[in-house]
Amino acid sequence: MIGELVGTRLVGTRRWRTKRALKAARMLDQVVDTQLPLLASFDEERRRRSADYLAELVTLAQDYRYYANGWIDAKELDRRGHQTMAKLTKLREDPTARLITD
């Protein structure tokens, strides 16, 4: 009986985490889908940098799907998330980057 309760709780927790991971992936997809059409109006350098930024978000969304499918664990998802944030910070801190003022 106790084993059944623990097993059920673990399955319920896993389902909840899976739903949360898929929701995060969809949210990242929406951000990318919203921003992607704007790239056409940018100059080449700004378009390239923005595309790099969006590509990092796409990769992170895929990592959330990998976690939801059980292909990576929470520790690996956390590592990849930190890695993505470091890359995004580096892109933002690029001294050659223009500030977006429009």
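One can find the structure itself at the top, above this paragraph.
Residues numbered from 1 in each chain as written. Predicted model: local features only at pLDDT ≥ 70, side-chain atom pairs only at ≥ 80, totals over all residues. Heavy atoms only, no water.

J.: Go over the layout of surface pockets, please, and point to the residues and values.
T.: Estimates place the volume of the second largest pocket at around 260 Å³. Around the second largest pocket, the lining comprises 17 residues; the ones closest to its centre are R20, A24, Y64, Y67 and L77. Those elements that provide at least two residues to the lining of the second largest pocket are α1 (2-35), α2 (44-68) and α3 (74-92). Sort the elements by how many residues they give to the lining of the second largest pocket and α3 lands first, with eight residues. Across the lining of the second largest pocket, the residue classes break down as eleven nonpolar, three polar and three charged. (1 Å grid on protein atoms, 1.4 Å probe; cavity = no way out; pocket = protein on both sides within 12 Å on 5 of 7 lines; lining within 4 Å. Points joined across faces, edges and corners; volume = space filled by probe spheres on them. Helix = DSSP H or I, 4+ residues; strand = E, 2+ residues; numbered from the N terminus. Nonpolar A, V, L, I, M, F, W, Y, C, P; charged D, E, K, R; others polar.)

J.: Please set out the pattern of salt bridges residue by residue, giving values where relevant.
T.: Tallied over the full model, the rule gives six salt bridges. R65 serves as the salt-bridge partner of D29, at 2.1 Å between the closest nitrogen and oxygen. Of the two residues, D29 is situated in helix α1 and R65 in helix α2; the sequence distance between them amounts to 36 residues. Under the relative-accessibility criterion, D29 is labelled partly exposed at 24%. One salt bridge in this structure joins R48 and E45, with 2.5 Å as the shortest N-O distance. (Salt bridge = Lys/Arg side-chain N within 4 Å of Asp/Glu carboxyl O. Buried < 20%, exposed > 50% of the residue type's maximum accessible area, 1.4 Å probe, protein only.)

J.: Residue-level account of α3, with values.
T.: Over its 19 residues, α3 extends 27 Å from the first C-alpha to the last, a length consistent with the 27 Å expected when each residue adds 1.5 Å. Looking only at α3, the buried set comprises L77, G81, T84 and L88. Around the axis of α3, the buried residues are gathered within 65° of arc, so they sit on the same side. Residues of α3 that are exposed and angled more than 90 degrees away from the buried face: K75, H82 and K90. Along its buried surface, α3 packs onto α2. (Expected span 1.5 Å × (residues − 1). Arc of directions from axis to C-beta. Contact = heavy atoms within 4.5 Å.)

J.: Go over the packing of α2 against α3, please, and point to the residues and values.
T.: Packed helix pairs are characterised by how far apart their axes lie and by the angle those axes make with each other. In the contact formed by α2 and α3, the axes pass within 10 Å of each other and the chain directions differ by 175°. Relative to α3, the element α2 is oriented roughly antiparallel. Along its contact with α2, which presents R49, D52, Y53, E56, L57, L60, D63, Y64, Y66 and Y67, the element α3 presents A74, L77, R80, G81, T84, K87, L88, L91 and R92. Here the contact of α2 with α3 is built from residues that sort into ten nonpolar, two polar and seven charged. (Axes fitted to C-alpha atoms, helices over the stretch in contact; angles between N-to-C directions. Parallel < 35°, antiparallel > 145°, perpendicular 65-115°, else oblique.)

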